[in-house]
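Chains, contacts and geometry: an overview
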Amino acid sequence: MNLRIPGPIPVHPRVMAAMNQPMINHRGPRFSAIFGEAADGLRWAFQTAQEVLVLTSSGTGGLEAAVANTISPGDRVLSLSIGNFGERLRTLARIHGAQVTALDAPAGQPIDVSQVRQALHDNPPFHAVLVTHNETSTGVTNPMREIALAVNDLGEVRPLTIVDAVSGVGCLPLPMDELGLDVVVSGSQKAWGLPPGLAFVAISERAWPVIERCRSPRFYFDLRQARKSAANRQTPWTPAVGLIFGLQEALLMMREEGLDAIHARHRRVGDFTRQGVRDLGLQLFANPAFASNAVTAIRVPPGIEAARLRARLRDEFGQEVAGGQGALKNDIFRIGHMGQVTEADIQPVFDALRQIL
Ligand SMILES: Cc1ncc(COP(=O)(O)O)c(C=O)c1O
């Protein structure tokens, strides 16, 4: 099966081999050495000198940790949503008692940065801005540099910037420190090419006093505990040791390729995918200027049933693509192209689509 959904993605044989090892003591020196190396690799990939904490959870757990550790009941947050995952982060903030100001963009569009500036200036102060880096449900990448600039222009009193980069960081550029981002979250089954089960949460120096003061309840996801343990290259609770073996190897492979080369390859494969869609006479869903280089959303042609199209791709041609989410369920399908991917992985999807259509 050619797994072409936007996560989980195929796991490289080198990473599978690394995970296929006897279990070790997660409180012993060998684990600490591996965990320490992985943490260094994550700092490199997140382009940050700050702490990147590793949690045993899916990406949503990382987002919940981000919110539960920074947002106290009553805090005012500006929530920027361009799709399903933006909505999810907003829901998390509401559940933790935030007073949410919502700013949305129509599906397929990025956030309008002038509206962000206006919201920040019209109604200050905000405690945090919540934003999705790469909206996997629509295949749109937000203009993170411009959004970060709008926040950073507020200077010392600026809100924390909390970023759902679950499907973005590690394959699309998001230099955390350069952009002054405060909390950046990712998940192991995306660009990193691991099975699901780990969340990565990078935290700025500026965010730590907020985390210390935060009044929201937290235990498993208490980032203060995770930080304390990370200083000893451990985790507070029993970690997914097998995935940490894989993470060490995955990051080694990423370092061998280089971050710029990884980003360039994703641009290239993104261009290739969009061109392939046009060549088939199909329509892209995302605004082309903000189309994601990690996932492409394609409109289902009129008269074709989305679920049946995907079932035929899977059952007759061995090509597994993703459907639309929520309101877009019958309108789009999505091809994932993040991680260890080249044009040769995408071409069979187009070959199959050509025959079906
Ligand atoms: C942008 C984004 N945010 C959050 C999530 C949720 O991650 P998980 O399914 O690992 O909990 C995903 C997963 O698809 C995602 O793409």
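Model, not experiment: these values are computed from the prediction.

Bringing the overall build of the chain into the picture now. Scanning the chain from N- to C-terminus turns up 13 helices and 14 strands. By the compact-globule yardstick of 21 Å for 357 residues, the chain fits well, its C-alpha radius of gyration being 20 Å. If one aligns the C-alpha atoms of the chain with their principal axes, the spans along those axes are about 60 × 55 × 30 Å. With 357 residues in all, the chain has 59% of them scored as buried. When contacts within the chain are restricted to residue pairs at least 6 apart in sequence, those whose partners lie at least 24 apart make up 72%. When the accessible surface of the chain is summed, it comes to about 14,300 Å², and 51% of that surface belongs to carbon and sulfur atoms. For the chain, the distance from the average position of its 35 positive side-chain charges to the average position of its 34 negative side-chain charges is 3 Å.

Residue placement: Ala294 occurs in the loop between α11 (259-279) and β11 (295-299). A residue is classified by how much of its surface remains accessible, and Ala294, at 0% relative accessible area, is buried. Linking Ala294 and Asp104, residues 190 residues apart in sequence, is a C-alpha distance of 22 Å.

In space, the three strands of this open sheet follow the order β11-β14-β13, with antiparallel pairing throughout. A single partner strand is all that each edge strand has here, and the edge strands are β11 and β13 (322-323). By the bridge criterion, five bridges tie β11 to strand β14 (residues 332-336) in an arrangement that is antiparallel. Paired with Ala297 across the bridge in β14 is Arg334.

The end-to-end C-alpha separation of helix α3 (residues 59-70) is 17 Å, in line with the 16 Å expected for 12 residues at 1.5 Å each. Counting buried residues along α3, 10 of its 12 residues qualify, which places the element largely inside the surrounding structure. Within the sequence span of α3, burial applies to Gly59, Gly61, Gly62, Leu63, Ala65, Ala66, Val67, Ala68, Asn69 and Thr70.

Neighbouring residues of the ligand: 13 residues in total, closest Ser58, Thr60, Thr136, Asp164 and Lys190. Taking Thr136, its side chain carries an N or O atom lying 2.4 Å from an oxygen atom of the ligand. Here a nitrogen atom of the ligand sits 2.6 Å away from a polar atom, N or O, in the side chain of Asp164. Out of a free accessible area of 390 Å², the ligand has 87% covered by protein chains. Those elements that place two or more of their residues in the shell around the ligand are α3 and α4 (84-95). A total of three residues in the shell around the ligand trace back to one element, the largest contributor, which is α3. Of the residues contributing to the shell around the ligand, the split by class is three nonpolar, seven polar and three charged.

Backbone torsion omega between Gly7 and Pro8 reads 0°, so that peptide bond is classified as cis. Of note, Pro8 is situated in the loop between β1 (2-3) and α1 (13-19). The step from Pro124 to Pro125 runs through a cis peptide bond, and the omega angle for that step is -5°. The topology assignment puts Pro125 in the loop between α5 (113-122) and β5 (128-132). We note that Gln47 has phi near 55°; this positive angle belongs to a residue other than glycine. Checked against the element boundaries, Gln47 lands in the loop between α2 (29-46) and β2 (51-56). For Gln47, a relative accessible area of 32% gives the class partly exposed. Despite not being glycine, Arg233 has its phi angle at roughly 55°, a positive value. Along the polypeptide, Arg233 turns up in the loop between α9 (223-230) and α10 (241-257).

Here is what the cut-offs are and how they apply
Sequence order as written defines the numbering, with residues in each chain counted from 1. The predicted nature of this model means local features are confined to residues of pLDDT at least 70 and side-chain atom pairs, given and counted, to a pLDDT of 80 or more, with totals for whole chains, interfaces and linings taken over all residues. Heavy atoms from the whole structure form the basis of all side-chain values; hydrogens and water molecules are not counted. Secondary structure elements are taken from DSSP: a helix is a run of H or I of four residues or more, a strand is a run of E of two residues or more, and numbering for both begins at the N terminus. With C-alpha atoms as the basis for the radius of gyration, the globule rule is written as 2.2 Å multiplied by the number of residues raised to the power 0.38. Relative accessibility decides the category of a residue: with a 1.4 Å probe and only protein chains considered, values under 20% of the type maximum give buried, values over 50% give exposed, and everything between is partly exposed. Residue contacts follow a heavy-atom distance rule, with two residues in contact if any of their heavy atoms lie within 4.5 Å. Shrake-Rupley sampling with a 1.4 Å probe provides the accessible areas, and residues are treated as covered by the protein chains on show and by no other component. In this count, Lys and Arg are taken as positive residues and Asp and Glu as negative ones, while His and the chain termini are left out. In this description, the location of a charge corresponds to atom NZ of lysine, CZ of arginine, CG of aspartate or CD of glutamate. A pair of strands is considered paired only if DSSP assigns at least 2 bridges between the two. The length a helix should cover is 1.5 Å for every residue beyond the first. Residues are labelled near a given molecule or strand when at least one of their non-hydrogen atoms is within 4 Å of it. Any N or O atom pair separated by 3.5 Å or less is treated as a polar contact, with the protein-specific requirement of one donor-capable and one acceptor-capable atom, and with residues adjacent in sequence counted only for side-chain atom pairs. Only Asp, Glu, Lys and Arg are considered charged in this grouping, and only Ala, Val, Leu, Ile, Met, Phe, Trp, Tyr, Cys and Pro are considered nonpolar; every other residue, Gly among them, is considered polar.

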